[in-house]
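Remarks on the overall topology
Spelled out, the chains give:
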Amino acid sequence: MSAAQNTGPNSEAGAIADGAAIGDVNLAQFERAQRVIPGGVNSPVRAFRSVGGTPRFMVSARGPYITDAQGREYVDLVASWGPAILGHAHPAVVEAVQRTAANGLSFGASTPAETELAEAVLARLPFLEKLRLVSTGTEATMTAIRLARGFTGRPLLIKFAGHYHGHSDSLLAEAGSGLATLSLPGSAGVTEATAAQTLVLPYNDLDAVRAAFEQNGPDIAAVITEAAAANMGVVPPDEGFNAALADIAHEFGALLILDEVLTGFRVSEAGYWGLDRGYTPDLVTFGKVVGGGMPLAALGGRAELMDYLAPTGPVYQAGTLSGNPLAVAAGLTTLQLADEAVYDRLDVVAETVSSAVSNALSAEGVAHRVQRAGNLFSFVFGDFAAAPRTYAEVQTQEAFRYRALFHAMLDAGVSLPPSVFEAWFVTAAHDDAAVSRILEALPAAARAAAAARPE
Ligand SMILES: Cc1ncc(COP(=O)(O)O)c(C=O)c1O
Ligand SMILES: NCC(=O)CCC(=O)O
């Protein structure tokens, strides 16, 4: 038996006798799900495709821990892919959602609280003047692009290889996240005409950006960039890269869309822009933390631009559940609680865990580098003379070592992102006990990574 704890019977999962599982509950759940849900999952990154094995079906989570259908508890370093900066089921967030739910789940009408949330977001990034709430990060970036095209009257978009901005048609070319994990260059079902309107450039390559603008300048509506790339593993922007993007885009009359869906309110109170400052993007997209674990995302910009959205402007965007009261309550409470102490703790946990993983790998002679962007981090495996700066570089790594590390940690009761191309997410609820459990699991996991061979 692993170090993972068995927290006892679970009525949803079936009987567990004397702390020992009868059969494998996760496997049974996965087989059942696969019969009725494509691949058994509602988002491909959950499917363990690149690490192999059976995805865990989760039934509860609290603080830094998450519990699967078999009753095993794990220290969680996925944090719902980012939102849970306060830890899971923070009592104040749960209470706010419960209190709000008692008054109705959805009105399809404006609420006072959504204005409060907009004010709270705008106060954190003072160059933003207006905010529109949507339900997913995908909608936020999709809308930002439509708005940029509507505002400039231009068709083309620049994105960077390895960046992921959700699954709208224009943004799936050479995308990170699940497409990196599954080695997909793009998606079937996106027409050639749509794909041709997205120019994909290497990340951290300003010469390529300038050349693209010199060639196509009058047709380029916007450049979209992750504020710090974290969907090909973590690859931070070069010093001054985001600022230079703003300068080049503006020189050619195009907009800069800064995608803070993953980094926003996670790496600092003002997102990655808060660590980077000194430049002004035209549109900023948010998701994950801003919804506090509920389906909510947003895009913001200066008033002149945002008022181009319907009903004041000609660019249409809408949503039955946009600004949903429960999601707004969760997001607002999360932002209110995310004070300096929270960000300090996130930084301390990120530093402690990333250093410990690196030390454990080094002790076993596993060549690797730690990649960091604020409190987000990941590891590249192999002999890299310098930190990788592009998608092409991270794709050359020894991903099979991560597979071994991932499974050894999972067996020991630590849940890591199931792909080498994803960031590790810490929470402020990772207390010393949770961190110790991670550290205890590391030596054996590093040995497994050292022993791993390509399949
Ligand atoms: C940078 C970035 N943009 C956009 C998205 C899409 O958000 P969602 O999954 O909520 O549609 C994600 C993550 O999923 C992301 O990491
Ligand atoms: N970093 C990748 C994500 O956050 C995506 C989650 C999903 O698509 O389910």
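Residues numbered from 1 in each chain as written. Chains lettered and ligands numbered in written order. Predicted model: local features only at pLDDT ≥ 70, side-chain atom pairs only at ≥ 80, totals over all residues. Heavy atoms only, no water.

Across its full length, the chain holds 15 helices and 16 strands. On C-alpha atoms alone, the chain measures out to a radius of gyration of 22 Å, which is about the 23 Å that the 2.2 N^0.38 rule sets for 455 residues. The principal-axis extent of the C-alpha atoms belonging to the chain is close to 65 × 55 × 45 Å. Counting the 455 residues in the chain, one finds 55% classified as buried. The long-range share in the chain, meaning contacts at least 24 apart out of those at least 6 apart in sequence, stands at 73%. Positive and negative side-chain charges in the chain, numbering 29 and 47 respectively, have mean positions lying 5 Å apart. (Helix = DSSP H or I, 4+ residues; strand = E, 2+ residues; numbered from the N terminus. Rg over C-alpha atoms; globule rule 2.2 N^0.38 Å. Buried < 20%, exposed > 50% of the residue type's maximum accessible area, 1.4 Å probe, protein only. Contact = heavy atoms within 4.5 Å. Lys, Arg positive; Asp, Glu negative; His and termini not counted. Charge placed at Lys NZ, Arg CZ, Asp CG, Glu CD.)

Here the focus is the site of ligand 2. Around ligand 2 sit S43, V45, W81, S177, N231, L262, K288 and E422, and those are all the residues in its vicinity. At 2.6 Å, a side-chain N or O of N231 approaches a nitrogen atom of ligand 2. Between an oxygen atom of ligand 2 and a side-chain N or O atom of K288, the distance comes to 2.6 Å. The protein chains hide 86% of the 280 Å² of surface that ligand 2 would expose on its own. Here the shell around ligand 2 is built from residues that sort into 3 nonpolar, 3 polar and 2 charged. (Near = heavy atom within 4 Å. Polar contact = N/O pair within 3.5 Å; in protein donor to acceptor, adjacent residues only side chain to side chain. Areas by Shrake-Rupley, 256 points an atom, 1.4 Å probe, with all protein chains shown as cover. Nonpolar A, V, L, I, M, F, W, Y, C, P; charged D, E, K, R; others polar.)

Further remarks concern the site of ligand 1. Surveying the vicinity of ligand 1 reveals the residues T136, G137, T138, Y164, H165, G166, E226, N231, D259, V261, L262 and K288. Contacts to ligand 1 include G137, whose backbone N or O atom sits 2.9 Å from an oxygen atom. Between a nitrogen atom of ligand 1 and a side-chain N or O atom of D259, the distance comes to 2.7 Å. Considered class by class, the residues forming the shell around ligand 1 number 3 nonpolar, 6 polar and 3 charged.

This part is about the UniProt feature "modified residue: N6-(pyridoxal phosphate)lysine" (unreviewed entry) in the chain. The UniProt record marks K288 with the feature "modified residue: N6-(pyridoxal phosphate)lysine" (unreviewed entry), using the residue numbering of this structure. One can find K288 in the loop between β12 (283-286) and β13 (297-301). The class for K288 is partly exposed, based on a relative accessible area of 25%. Once residues within four sequence positions are removed from consideration, K288 is found in contact with W81, G82, P83, V261, L262, G293 and L296. A polar side-chain atom of K288 sits 2.9 Å from the main-chain carbonyl oxygen of W81. (UniProt positions renumbered as here; feature names shortened; annotations may be inferred.)

Relative to the 28 Å expected for 20 residues at 1.5 Å per residue, helix α15 (residues 432-451) spans 29 Å between its end C-alpha atoms, a close match to the ideal helical length. Where α15 bends most, the angle comes to about 40°, and this point is L442, followed within four residues by the proline P443. (Expected span 1.5 Å × (residues − 1). Bend = angle between axes of the 7 residues up to and from the residue.)

Attention now moves to the pattern of salt bridges. Using the criterion set out here, one finds 12 salt bridges in the structure. With a shortest N-O distance of 2.8 Å, R302 and D282 are connected by a salt bridge. With R302 in the loop between β13 and α10 (303-306) and D282 in the loop between α9 (273-276) and β12, the pair connects residues that are 20 residues apart, well separated along the chain. On the basis of relative accessible area, D282 is assigned to the buried category, the value being 5%. Here the salt bridges do not stand alone but share partners, grouping R210, E214 and E251 into one network. (Salt bridge = Lys/Arg side-chain N within 4 Å of Asp/Glu carboxyl O.)

Before going further, it helps to examine the packing of helix α7 (residues 206-216) against helix α8 (residues 241-251). Running from N to C, α7 and α8 cross one another at 10°; their axes reach a closest spacing of 10 Å. On the basis of their axis angle, the class for α7 and α8 is roughly parallel. On α8, the residues touching L206, V209, R210 and F213 of α7 are F241, A244, L245, I248, A249 and E251. Here the contact of α7 with α8 is composed, by residue class, of 8 nonpolar, no polar and 2 charged. (Axes fitted to C-alpha atoms, helices over the stretch in contact; angles between N-to-C directions. Parallel < 35°, antiparallel > 145°, perpendicular 65-115°, else oblique.)

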